[in-house]
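Residue-level structural notes
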Amino acid sequence: MRFNIPKKTFDPHPIGRHTGVVANIQDEGIQESSYDGQTKSQHKISIRIDSDSAFMEGGEPFSIIQWFSLSSSPKSNLRKFREAVLDRGLTREEETDFDPAELIGKRISYRVDHKEKQDGGTRAVIREGSVEPTEGKVGEAYASSTEPTPVSVADNGADGGSL
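Residues numbered from 1 in each chain as written. Predicted model: local features only at pLDDT ≥ 70, side-chain atom pairs only at ≥ 80, totals over all residues. Heavy atoms only, no water.

What about the nonpolar core?
Judged by nonpolar contacts, the single largest core of 22 residues is most densely connected at Ile47, Phe81 and Leu103. For this core, the element with the most residues is helix H1 (residues 77–86), which contributes 4 residues. Apart from residues lying up to four places away in sequence, Leu103 is in contact with Val22, Ile25, Ile47, Phe81, Arg82, Val85, Leu86 and Phe98. (Core = buried A, V, L, I, M, F, W, Y, C linked by side-chain atoms within 4.5 Å. Buried < 20%, exposed > 50% of the residue type's maximum accessible area, 1.4 Å probe, protein only. Helix = DSSP H or I, 4+ residues; strand = E, 2+ residues; numbered from the N terminus. Contact = heavy atoms within 4.5 Å.)

Structure, rendered in structure tokens:
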């Protein structure tokens, strides 16, 4: 017997400048990553931002999830993101220890672009360099969420700023 698997469709986060809250940071473990024809294993995390300026038809906020290599290299996208949200450079201690609590619940502004996926679909991405801290009250749902597990950053310089 054969089964027809329906293709899942969803609306990606809308393009443009938005505001939202860093809602979750998840350890994605060691993942295979390809860049410039080379494949390597890298420790990855994902950061979910829940929009407070763009909503789906049912009233739920759009979310966008950005993946990062776990690195504190000056060129790494994770470091750039952390420094942008915190609106300052990292301390020496923060360069080697990443506590997700430093970002969760922070309100930010960000710009979303759309990119075509290999299967022809559309995915939303946060434009590099567009993240900025934003003033405003953070909802209690984020302020009272369970404490995330700190993540240790072992920087071997291999990130080179690529996602």
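Considering the pairing of strand S5 (residues 107–116)
Here strand S1 (residues 16–35) pairs with S5 via 6 bridges, running antiparallel. Its bridge partner being in S5, Arg17 is matched across the sheet by Arg111. As paired strands, S5 and strand S7 (residues 132–133) are joined by 2 bridges and run antiparallel to one another. The partner of Ile108 across the bridge, within S7, is Pro133. In the sheet, S5 pairs with strand S6 (residues 122–126) via 5 bridges, with the strands oriented antiparallel. Bridging from a neighbouring strand, Glu116 pairs with Thr122 of S6. Counting the residues between successive antiparallel strands, the hairpin from S5 to S6 contains 5 residues, one of them, Gly120, with a positive phi of roughly 95 degrees. (Pairing = 2+ DSSP bridges.)

Focus on the pattern of salt bridges
As enumerated under the stated definition, the model contains 8 salt bridges in all. Put simply, Glu95 and Arg79 hold a salt bridge, and the shortest N to O gap is 3.0 Å. Within this pair, whereas Glu95 is found in helix H2 (residues 92–96), its partner Arg79 is found in helix H1, the two being separated by 16 residues in sequence. Judged by its relative accessible area of 22%, Glu95 is partly exposed. By relative accessible area, Arg79 is classed as buried at 12%. Of the charged contacts in the structure, one is a salt bridge between Glu128 and Lys80, with a shortest N-O distance of 3.4 Å. Of this pair, Glu128 sits in the loop between S6 and S7 while Lys80 sits in helix H1; the two residues are 48 residues apart in sequence, bridging distant segments of the chain. With relative accessibility at 58%, the residue Glu128 sits in the exposed group. In this structure Lys80 comes out as partly exposed when scored by relative accessible area, which is 38%. (Salt bridge = Lys/Arg side-chain N within 4 Å of Asp/Glu carboxyl O.)

Observations regarding the environment of Pro12
With respect to the element layout, Pro12 can be found in the segment before S1. Taking the C-alpha atoms as reference, Pro12 lies 6.1 Å from Arg123; in sequence the two are 111 residues apart. Setting aside residues no more than four positions away along its own chain, Pro12 makes contact with Phe62, His114, Thr122 and Ala124.

Structural notes on the packing of aromatic side chains
Here the structure, examined in full by the defined rule, presents 1 aromatic pair. Ring centres of Phe68 and Phe81 lie 5.2 Å apart, and the angle between their planes is 50 degrees; this geometry places the pair in the tilted category. Of this pair, Phe68 sits in strand S3 (residues 61–69) while Phe81 sits in helix H1; the two residues are 13 residues apart in sequence, bridging distant segments of the chain. Here the two residues Phe68 and Phe81 agree in accessibility, since each one is buried. (Phe/Tyr/Trp six-rings, centres within 6.5 Å; stacked < 30°, edge-to-face > 60°.)

With respect to H1
Judged by how many residues are buried, H1 sits mostly within the fold: 7 of 10 residues are covered. Here H1 has its buried residues at Asn77, Leu78, Arg79, Phe81, Arg82, Val85 and Leu86. Those residues of H1 that are buried lie in contact with strand S2 (38–55), S3, H2, strand S4 (97–98), S5 and S7. Just past H1, the residue Asp87 takes up positive phi, approximately 60 degrees.

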